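Fold and contact review
One letter stands for each residue in the lines below.
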Protein chains: 2
Amino acid sequence: MGEFDLIDRYFRQPAQAMATHSPPGRVALGVGDDCALLAPRPGTQMAISTDMLVEGRHFFADVDPAALGHKALAVNLSDLAAMGAQPIGFTLALALPRTDEGWLAAFSQGLLALAQEHGCALIGGDTTRGPLNICITVFGEVPVVDGQSQALLRSGAQVGDDIYVSGHLGDARLALLALQGRLSLPPEVLLPARQRLERPTPRVALGLALRGAATAAIDLSDGLAGDLSHILAASSVGAELEVLKATDLIANLAHQLSGKTPFFLENPERLDLVMQGGDDYELCFTAPPSRRDAVARAATQAHTQVTRIGRIVTGSGITLLDARGKRLERTFQSFDHFSEAT
Amino acid sequence: MGEFDLIDRYFRQPAQAMATHSPPGRVALGVGDDCALLAPRPGTQMAISTDMLVEGRHFFADVDPAALGHKALAVNLSDLAAMGAQPIGFTLALALPRTDEGWLAAFSQGLLALAQEHGCALIGGDTTRGPLNICITVFGEVPVVDGQSQALLRSGAQVGDDIYVSGHLGDARLALLALQGRLSLPPEVLLPARQRLERPTPRVALGLALRGAATAAIDLSDGLAGDLSHILAASSVGAELEVLKATDLIANLAHQLSGKTPFFLENPERLDLVMQGGDDYELCFTAPPSRRDAVARAATQAHTQVTRIGRIVTGSGITLLDARGKRLERTFQSFDHFSEAT
């Protein structure tokens, strides 16, 4: 089976059928020419992000290919969510060690199902033989109102702002530790944790709802400690986090189950999972206390839990406070694809 | 050295300095947030293309990293050229087996020098550890006039149109055959041929100049036979090529040197190089005979040689004609990353 047949069978035809699912009129030309053509709506900016996933680093060789297709697009949609951008389309570049039709069928199914859910059309791509590598570039739209971009940047946090996170953190790392044999989990914890690792939910609806309410946002891919630090550095501010609120974030998997299962993590380990778990694909964002109602409305509208975990202060870096407001001495490492051992 | 330091040192700082070289106002936000933000000019479409380059398939492991940086962007700019799009910016996703600062310095130098030459800003990216893989997605602008996109599509060729190619074809394959030891070339042929293989020139200026003159266009990455076939299929037409004109296209390396060097290729081999050479990154385009003057002006304006090699006819596929207009029976294979042996 040749390259062009392969592209046709698994990507081009479903992509053409799908183009009708993206916001109307945006995809002027999809897969099949030298370039795709997008027609952005007047008065908008185009948000663009690219992520590359490599076997052995971002996923295991034996991962379910449908889950891998889902995740490859989800991590990119998560970047659009963090900007408050409406997904429009994406390109897929794929290096494959061999032509495995079963793998391709499952991978494209997982990928295109999530794409369709978000109205994000596959508009172009490239396939080649090589060590398995998935590179997706995603495109979204952000309105410009009175000359002001409505994009949620990392640089907008102000002293006094509340700090929030969506969903709960640390589940993906919990699953990873179990899959690596470094932790034993009962099935009722492992199964949902593994779902969070392999099929993360990009918080696109929340990002859109937070436009005009949040002052800064980032998506949590490398762990709260490292990713929040990017907001702090870009905004030239510091943060105080309330440890109990932070550790309660993993409530639905590790903490809330503690009455129903023999599995229970002690606080220091739970804090590690929350602060440097990685692969959460939740949003961390800031908003002034005057907009707490607006944030609550956005969360309701997006059907997504958000939790206030601290506040922006002068200075730099993250300070952890216990229930009595006393400083805890802890340092955390951000996940770094080049410093961490393989 | 961590991932973030590495990005900063070789890509982010030069990228920020470079953003001023792209068309004014287009890059609203460059490297450093969850997404980049582009602000397309009103009344334009955005042309998007992505290409993935893999070691051992698209380049040799010992290739000069500066040439590799050049080529990785050049093949993408070539896709913009084939649409008649003005380059604006690009994203770079890079998997590296190790942190080799000498390699990174040379790679980024070659990449960013070509980017600067074309006013194409590096607006975002991703780096990870993994088998060497370079994935670039490039963005360009195409005007829409009276509701009509000015993009040069593959589907616009009309019966009676002339068929042209820019530059000369087969040089890159000539160099590849020599580097693989399948052919012996004198240095005065090998050196310029290798330059064409490793540092191709994207025909961006020609693509821009051809807007309004050409009816269809494609860039030649997989060989004339295969790539012209894409125009024919998309336009539901056939082509007649004049063999002598086609083989004369490689004049400046193989043919013209025949008086000055013992190296000479017989016509059948020259025709193979021209028809299925691959890696040429020239443009193949069509235009009606009534626009021959306009095509000549575009070529002059772009300082690029163009040669008329045939015409569009009814039917399908490519027919080769000899000097007397007699059909030659030859078939050619397109380069296919999955059917060709490694």
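It should be emphasised that the depicted structure is a prediction, and the values quoted were computed from it without experimental measurement. (Residues numbered from 1 in each chain as written. Chains lettered and ligands numbered in written order. Predicted model: local features only at pLDDT ≥ 70, side-chain atom pairs only at ≥ 80, totals over all residues. Heavy atoms only, no water.)

**Let's talk about the overall build of chain A**
Looking only at helices and strands, one finds 11 helices and 14 strands in chain A. Out of the 342 residues in chain A, the part that is buried amounts to 59%. Within chain A, counting contacts between residues at least 6 apart in sequence, those at least 24 apart form 84% of the total. Looking at chain A as shown, the accessible area adds up to about 13,200 Å², and 48% of this sits on carbon and sulfur atoms. (Helix = DSSP H or I, 4+ residues; strand = E, 2+ residues; numbered from the N terminus. Buried < 20%, exposed > 50% of the residue type's maximum accessible area, 1.4 Å probe, protein only. Contact = heavy atoms within 4.5 Å. Areas by Shrake-Rupley, 256 points an atom, 1.4 Å probe, with all protein chains shown as cover.)

**Some details on the packing of aromatic side chains**
In this description, an aromatic ring pair is defined by two values, namely the gap between the centres and the angle between the planes. Evaluated as defined, the whole model comprises five aromatic pairs over all chains. Taking 4.9 Å as the distance between ring centres and 10 degrees as the angle between the ring planes, the aromatic pair formed by W103 of chain A and F107 of chain A counts as stacked. Within this pair, W103 of chain A and its partner F107 of chain A are both found in helix α3 (residues 101-117), separated by four residues, close to a single helical turn. You'll find W103 of chain A and F107 of chain A in the same group, each marked buried. Plain terms: the ring middles of Y164 of chain B and F285 of chain B are 4.9 Å apart, the flat faces sit at 10 degrees to each other, and that makes the pair stacked. Taken together, the residues span a long stretch of sequence, with Y164 of chain B in strand β8 (residues 162-166) and F285 of chain B in strand β11 (residues 283-287) at a distance of 121 residues. Y164 of chain B sits in the buried class, given a relative accessible area of 5%. (Phe/Tyr/Trp six-rings, centres within 6.5 Å; stacked < 30°, edge-to-face > 60°.)

**Digging into helix α5 (residues 187-198) of chain A**
Helix length check: α5 of chain A (12 residues) gives 16 Å between terminal C-alpha atoms against 16 Å at 1.5 Å per residue, within 8%. What α5 of chain A keeps buried is the set V189, A193, R196, L197 and E198 of chain A. (Expected span 1.5 Å × (residues − 1).)

**Digging into the relation of the copies chain B and chain A**
Comparison of the two chain copies shows a relationship of rotation about an axis with a shift along it. Screw-axis analysis of chain B against chain A gives a translation of 0.0 Å along the axis, an RMSD of 0.0 Å, and a rotation angle of 180 degrees. Accordingly, the operation relating the two chain copies is best matched by a two-fold axis. A shared interface surface links the copies, since 100% of the contact residues of chain B are contact residues in chain A too. (Least-squares fit on C-alpha atoms with pLDDT ≥ 70 in both.)

**What about the sheet that holds strand β14 (residues 327-328) of chain B?**
Residue and element names in this part refer to chain B. Taken in spatial order, the seven strands line up as β9-β11-β8-β12-β10-β13-β14 in an open sheet, and their pairing is mixed. On the outer flanks of this sheet lie β9 (216-219) and β14, each paired with one strand and no other. Strand contacts of helix α2 (residues 65-83): β9 and β11, with the helix running at about 175 degrees to β9, the strand carrying the most contacts. With respect to the sheet, helix α7 (residues 224-235) is in contact with β8, β9, β10 (238-242), β11, β12 (306-313) and β13 (317-321), its orientation differing from that of β9 by roughly 150 degrees. (Pairing = 2+ DSSP bridges. Axes fitted to C-alpha atoms, helices over the stretch in contact; angles between N-to-C directions.)

**Some words on the sheet that holds strand β10 (residues 238-242) of chain A**
All names here are of chain A. As summarised here, the arrangement of the seven strands in space is β9-β11-β8-β12-β10-β13-β14, forming an open sheet in which the pairing is mixed. Each end of this open sheet is capped by a strand with a single partner; those strands are β9 (216-219) and β14 (327-328). Pairing of β10 with strand β13 (residues 317-321) involves five bridges; the strand directions are parallel. When the bridges of β13 are listed, E242 appears paired with L321. Lying on the sheet, helix α2 (residues 65-83) is in contact with β9 and β11 (283-287); it crosses β9 at an angle near 175 degrees. Relative to the sheet, helix α7 (residues 224-235) contacts β8 (162-166), β9, β10, β11, β12 (306-313) and β13, its axis offset from that of β9 by approximately 150 degrees.

**Observations concerning the confidence of the model for chain A**
All names here are of chain A. Here chain A shows a mean pLDDT of 85. Residues at 70 or above account for 84%. For the stretch residues 259-264, pLDDT sits under 50, and the model shows 14 contacts to residues farther than four places along the chain or on other chains. In the model, residues 335-342 has pLDDT below 50 throughout and makes 27 contacts with residues more than four positions away in sequence or in other chains. (pLDDT = per-residue confidence, 0-100.)

**Description of the interface of chain B and chain A**
Each side of the interface is counted separately: chain B has 68 residues, and chain A has 69 residues. Of the roughly 5,000 Å² buried where chain B meets chain A, counting both sides, 62% is carbon and sulfur surface. In this structure, the connection of chain B to chain A is made through four salt bridges. The interface formed by chain B and chain A includes 15 residue pairs in polar contact (both at pLDDT 80 or more). For the side of chain B that touches chain A, the element with the most residues is strand β3 (residues 44-54) of chain B, which contributes 10 residues. Its residues placed into classes, the side of chain B that touches chain A shows 35 nonpolar, 21 polar and 12 charged. Sheet topology places strand β3 (residues 44-54) of chain A next to strand β2 (residues 36-38) of chain B; three bridges connect them, and they run antiparallel. (Buried area = accessible area lost by both parts, 1.4 Å probe. Salt bridge = Lys/Arg side-chain N within 4 Å of Asp/Glu carboxyl O. Polar contact = N/O pair within 3.5 Å; in protein donor to acceptor, adjacent residues only side chain to side chain. Nonpolar A, V, L, I, M, F, W, Y, C, P; charged D, E, K, R; others polar.)

**Quick word on the side chain of T91 of chain A**
Following the sequence through the fold, T91 of chain A ends up in strand β4 (residues 86-96). Each residue touching T91 of chain A, except ones within four places of it in the same chain, is listed here: L122, I123, G124, C135, I136, T137 and F139 of chain A together with I48, T50 and T137 of chain B.

**What to know about unusual backbone geometry**
Residues and elements named next belong to chain A. One non-glycine residue with positive phi stands out, namely S236, at about 55 degrees. If you trace the backbone, S236 turns up in the loop between α7 and β10. Accessibility expressed as a relative area gives 61% for S236, which makes it exposed. Phi angles above zero are rare outside glycine, and D279 is one such case at about 60 degrees. Position of D279 among the secondary structure elements: in the loop between α10 (267-276) and β11.

**Considering the state of the cysteines**
Scanning the entire structure with this criterion turns up zero disulfides over all chains. Here C135 of chain A is not disulfide-linked; the sulfur of C135 of chain B is the nearest cysteine sulfur, at 3.1 Å. Unpaired in this structure, C35 of chain B has its nearest cysteine sulfur neighbour in C120 of chain A, at a distance of 11 Å. Residue C35 of chain B is classed as buried on the basis of its relative accessible area of 2%. (Disulfide = S-S within 2.5 Å.)

**Remarks on the packing of helix α4 (residues 171-179) of chain B against helix α5 (residues 187-198) of chain B**
Residues and elements named next belong to chain B. Taken N-terminus to C-terminus, the directions of α4 and α5 make an angle of 110 degrees; their axes are 7 Å apart at the nearest point. Taken together, the axes of α4 and α5 are roughly perpendicular relative to one another. In this structure, α4 crosses over α5, and the sense of that crossing is left-handed. Together, D171, A172, L174, A175, L176, A178 and L179 of α4 and V189, L190, A193, R194, R196, L197 and E198 of α5 make up the contact between the two elements. Broken down by class, the residue content of the contact of α4 with α5 amounts to 10 nonpolar, no polar and four charged. (Parallel < 35°, antiparallel > 145°, perpendicular 65-115°, else oblique. Left-handed = near helix turned anticlockwise from the far one by under 90°.)

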